[in-house]
Amino acid sequence: MKKLSFMGECMVELRSNEGSDTSLHQSFAGDVYNSAVYLKRCFSDIQVGFVTVVGNDTFSSRMKDNFEVEGLDTSFVFSNENRSAGLYLIDTDASGERSFTYWRSQSAAKTIMSFLKPEALSTLSENDMFMFSGISIAIIPRDERPSFFRFIEALKESGVKIVFDPNYRARLWETPDEASKNFKQALSLCDVALVGVEDIIELFDIESANDALALCESFGVSEIVIKNGPLSVLTVLDGERLEHAIVPVANVVDTTSAGDAFNGVYLGSRLNDVPISRSVEFAAKAAGTVIQHRGAIIPRGIVETALAE
Ligand code: ADP
């Protein structure tokens, strides 16, 4: 059985309803968590692990139950008795504009480096792939990031393919320079880079998808996927460049987690030895389906059915 682990934070998501309805809808979401869910739903034959820390609150225990309902391996879901789950609120104003408010500065997931001990390294070294994002790094306290990178280096040395998506969120970083320094380190270590153009344009002062590709190539990444919304996807695999057309979705309802769904389905396909063009096709189909529904994680069955068509 192929094995992939995702490391990051899942949060409690609260979403306001439209109009004068003040009740909130509660679910669970987080960038790499969303990818893990879509991967597992679409490729049940792959063992998908989630590496994180939950807290001592009831939402944390429901969150962990939810990981299990989604079929994720929870062997590396640690518990910190002194912390609780992070939380965010998606509010939509009268004009339909969404805003996000976070309560995550003391979340349990930020303490992950206290749990990633040598025993964890030896088990996680059995994975085929290990994925983290810029958000996974940003939530780790600055002085613990060097030990995170040592951990990633050790995984890579054991033959695990390292996968990275920058997913830049300015407010999570001390300074843009700190983000860029960490992203460069991640790019120099990873085997697969999955990059949304919009995410890095400002940080690296670039202008196009081609610039994003060149940036990744300059770090020697062997498999690169540049996601450029509805415009195109560019890939490089072992030096071969391809441009893939995207069928634009007419009825976009909510673009949350488009890139995450893309990543999960792309990695599942690649782990199943699907060629790169077909993997991009599947991934884009999944992302294009997710954005026609509300929420980061849409009801089970919809993406799976779309991929089977
Ligand atoms: P990220 O969310 O990582 O920044 P993108 O915004 O490029 O990445 O979106 C990820 C993927 O979602 C794209 O590669 C594409 O396949 C799909 N996608 C995004 N917007 C659209 C759209 N309007 N129509 C069709 N597909 C889309």
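As the structure is a computational prediction, the values presented were derived from the model and not from experiment. (Residues numbered from 1 in each chain as written. Predicted model: local features only at pLDDT ≥ 70, side-chain atom pairs only at ≥ 80, totals over all residues. Heavy atoms only, no water.)

A. A look at the site of the ligand. If you check the shell around the ligand, you find 17 residues, and the closest are Lys-227, Gly-229, Val-249, Gly-259 and Ala-287. Between the ligand and Gly-229, the relevant distance is 2.6 Å, taken from an oxygen atom to a main-chain nitrogen or oxygen of the residue. In this structure, an oxygen atom belonging to the ligand sits 3.2 Å away from a main-chain N or O atom of Gly-259. When the ligand is considered free in solution it has 550 Å² of accessible area, and contact with the protein chains removes 85% of it. (Near = heavy atom within 4 Å. Polar contact = N/O pair within 3.5 Å; in protein donor to acceptor, adjacent residues only side chain to side chain. Areas by Shrake-Rupley, 256 points an atom, 1.4 Å probe, with all protein chains shown as cover.)

B. Geometry of helix 10 (residues 276–290). With 15 residues, helix 10 extends 21 Å from end C-alpha to end C-alpha; this agrees with the ideal 21 Å at 1.5 Å per step. Buried within helix 10 are the following residues: Ile-276, Ser-279, Val-280, Phe-282, Ala-283, Ala-286, Ala-287, Gly-288, Thr-289 and Val-290. Residues of helix 10 that are buried in the fold lie against helix 1 (31–42), strand 11 (223–228), strand 12 (232–237), strand 13 (240–245), helix 9 (258–271) and helix 11 (302–308). (Helix = DSSP H or I, 4+ residues; strand = E, 2+ residues; numbered from the N terminus. Expected span 1.5 Å × (residues − 1). Buried < 20%, exposed > 50% of the residue type's maximum accessible area, 1.4 Å probe, protein only. Contact = heavy atoms within 4.5 Å.)

C. Summary view of the packing of aromatic side chains. Evaluated as defined, the whole model comprises 15 aromatic pairs. Each ring, one from Phe-132 and one from Phe-148, has its centre 5.0 Å from the other, and the planes form 85°; the classification is edge-to-face. On the criterion of sequence distance, the pair formed by Phe-132 in strand 8 (residues 129–133) and Phe-148 in helix 5 (residues 145–157) is long-range, its members being 16 residues apart. Take Phe-132 and Phe-148: they sit in the same class, and that class is buried. (Phe/Tyr/Trp six-rings, centres within 6.5 Å; stacked < 30°, edge-to-face > 60°.)

D. Spatial organisation of the nonpolar core. With 53 residues, the main nonpolar core has Ile-112, Leu-116, Phe-130, Phe-132, Phe-148, Ile-152 and Ile-226 as its most contacted residues. Other than its neighbours up to four places away in sequence, Phe-130 contacts Ser-5, Met-7, Val-51, Leu-124, Phe-151, Ile-152, Leu-155, Val-160, Lys-161, Ile-162 and Val-163. Listed in part, the 46 residues of the second largest apolar core include Ile-246, Ala-261, Tyr-266 and Phe-282. (Core = buried A, V, L, I, M, F, W, Y, C linked by side-chain atoms within 4.5 Å.)

E. Geometry of the packing of helix 9 against helix 10. At a minimum axis distance of 8 Å, the contact between helix 9 and helix 10 shows a crossing angle of 150°. As for the relative orientation of helix 9 and helix 10, their crossing is right-handed in sense. Note on element contacts: helix 10 touches helix 9 through Ile-276, Ser-279, Val-280, Phe-282, Ala-283, Ala-284, Ala-286, Ala-287 and Val-290, opposite Ala-258, Ala-261, Phe-262, Val-265, Tyr-266, Ser-269 and Arg-270. Of the residues belonging to the contact of helix 9 with helix 10, the class tally is 13 nonpolar, 2 polar and 1 charged. (Axes fitted to C-alpha atoms, helices over the stretch in contact; angles between N-to-C directions. Left-handed = near helix turned anticlockwise from the far one by under 90°. Nonpolar A, V, L, I, M, F, W, Y, C, P; charged D, E, K, R; others polar.)

F. View of the pattern of salt bridges. Under the definition given, this model contains 17 salt bridges. The salt bridge involving Asp-254 is made with Arg-15; its shortest N-O contact spans 3.3 Å. Here the residue Asp-254 occupies a position in the loop between strand 13 and helix 9, and Arg-15 occupies one in strand 2 (residues 11–16), the gap between them amounting to 239 residues. Pair check on accessibility: Asp-254 and Arg-15 agree, each one buried. In this structure, the salt-bridge partner of Lys-156 is Asp-191, at a minimum N-O distance of 3.0 Å. (Salt bridge = Lys/Arg side-chain N within 4 Å of Asp/Glu carboxyl O.)

G. A look at the side chain of His-244. Checked against the element boundaries, His-244 lands in strand 13. A polar atom in the side chain of His-244 sits 2.8 Å from the side chain of Thr-235.

H. Local environment of helix 6 (residues 176–189). Taking 1.5 Å as the rise per residue, helix 6 with 14 residues should run 20 Å; its terminal C-alpha atoms sit 20 Å apart, in good agreement. Buried-residue contacts for helix 6 involve strand 8, helix 4 (134–138), helix 5, strand 9 (161–165), strand 10 (192–196) and helix 8 (209–218).

I. Local environment of the sheet that holds strand 7 (residues 98–103). Read across the open sheet, the 4 strands follow the order 3-2-6-7; overall the sheet is mixed. A single partner strand is all that each edge strand has here, and the edge strands are strand 3 (24–29) and strand 7. Between one strand axis and the next, the sheet turns through 25° on average, direction left out of account. Summarising the sheet, strand 2 and strand 3 pair through 6 bridges and their orientation is antiparallel. Residue pairing across strands places Arg-15 opposite His-25, the latter belonging to strand 3. (Pairing = 2+ DSSP bridges.)

J. Examining the confidence of the model for the protein chain more closely. Put simply, the protein chain has an average pLDDT of 95, and 100% of its residues get 70 or more. Of the two predicted TM-score estimates for the complex, the pTM is 0.97 and the ipTM is 0.97. (pLDDT = per-residue confidence, 0-100.)

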